[in-house]
Amino acid sequence: MSYSVEFQATTGAGSEAVTVTMTYERDDVGIYSENIESITFNGMDVMGLLSEEQFMDLELQGCQAIHDQHKFAMENYEP
């Protein structure tokens with residue numbers, strides 16, 4: 001099943017705030033197939049304008065956001 005998470009992050013020399021949407025898959029074993037779908041700045045897609053280092057940093061922040069979302073869901077689970 002496919003899931004997504006949207007989070008705010010800063011990147012670039014001016015530490016500009018961007019909105020990142022990341023998708024991932026999850027099953028009984030864990031979370032996998034994390035992928036950044038879009039990166040927007042003031043409503044404009046800027047994914048192609050980032051350096052490889054910036055993109056990798058946003059991927060790491062996205063994986064942390066996924067972990068936090070999953071942890072929150074597990075702690076607040078009500079059958």
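Residues numbered from 1 in each chain as written. Predicted model: local features only at pLDDT ≥ 70, side-chain atom pairs only at ≥ 80, totals over all residues. Heavy atoms only, no water.

Asks: I tried to follow the side chain of Thr11 on my own but got confused; where do I start?
Replies: Position of Thr11 relative to the elements: it lies in strand E1 (residues 2–11). Within the structure, the side chain of Thr11 is placed 3.3 Å from the side chain of Gln54, a separation counted as a polar contact. Residues in contact with Thr11, not counting those within four places in the same chain, are Glu16, Val18, Leu50 and Gln54. (Helix = DSSP H or I, 4+ residues; strand = E, 2+ residues; numbered from the N terminus. Polar contact = N/O pair within 3.5 Å; in protein donor to acceptor, adjacent residues only side chain to side chain. Contact = heavy atoms within 4.5 Å.)

Asks: Would you take a moment to explain the confidence of the model for the protein for this structure?
Replies: Low pLDDT marks stretches whose predicted atomic positions should not be read closely. For the protein, mean pLDDT is 92; residues scoring 70 or higher make up 100% of the total. The least confident element of the protein is helix H1 (residues 52–75), whose mean pLDDT is 92; the most confident is strand E4 (residues 44–45), at 95. (pLDDT = per-residue confidence, 0-100.)

Asks: How should the side chain of Thr19 be read in this particular structure?
Replies: Checked against the element boundaries, Thr19 lands in strand E2 (residues 16–26). Note on Thr19: relative accessible area 18%, which makes it buried. A distance of 2.8 Å separates the side chain of Thr19 from the side chain of Gln8, its partner in a polar contact. What Thr19 contacts, discounting residues up to four positions off in sequence, is Glu6, Phe7, Gln8, Ser38, Ile39 and Thr40. (Buried < 20%, exposed > 50% of the residue type's maximum accessible area, 1.4 Å probe, protein only.)

Asks: How should I be thinking about the sheet that holds E4 in this particular structure?
Replies: Across a sheet, paired strands are connected by hydrogen bonds in the backbone, their directions being either parallel or antiparallel. Sheet architecture is open: 4 strands sit in the order E1-E2-E3-E4, paired in antiparallel fashion. A single partner strand is all that each edge strand has here, and the edge strands are E1 and E4. Note: strand E3 (residues 31–41) against E4, 2 bridges, orientation antiparallel. Among the inter-strand pairings, Thr40 is bridged to a residue of E4, identified as Asp45. Most of the contacts of H1 go to E1, to which it runs at about 125°, and overall it touches E1, E2 and E3. (Pairing = 2+ DSSP bridges. Axes fitted to C-alpha atoms, helices over the stretch in contact; angles between N-to-C directions.)

Asks: Teacher, can you tell me more about the nonpolar core here?
Replies: Nonpolar side chains tend to gather and get buried jointly when the protein is soluble and globular. Residues Phe7, Val18, Val20, Met22, Ile36, Ile39 and Leu58 are the most contacted members of the largest nonpolar core, which totals 14 residues. At the level of secondary structure, the elements contributing two or more residues to this core comprise E1, E2, E3 and H1. Ignoring any residue separated from it by four or fewer positions in sequence, one finds Leu58 in contact with Phe7, Ala9, Val18, Val20, Ile36, Ile39 and Leu50. (Core = buried A, V, L, I, M, F, W, Y, C linked by side-chain atoms within 4.5 Å.)

Asks: What should I look at first to understand the environment of Ser33 in this one?
Replies: You can see Ser33 is positioned in strand E3. Residues Ser33 and Val46, 13 residues apart in the sequence, show an inter-C-alpha distance of 22 Å.

Asks: Help me understand H1 in this model?
Replies: An α-helical segment advances 3.6 residues per turn. Residues three or four places apart therefore align on the same side. Taking 1.5 Å of rise per residue, 24 residues should cover 34 Å, and H1 covers 35 Å from first to last C-alpha, within 8% of that figure. All buried positions along H1 are accounted for by Gln54, Leu58, Gly62, Ala65 and Ile66. Residues of H1 that are buried in the fold lie against E1, E2 and E3. (Expected span 1.5 Å × (residues − 1).)

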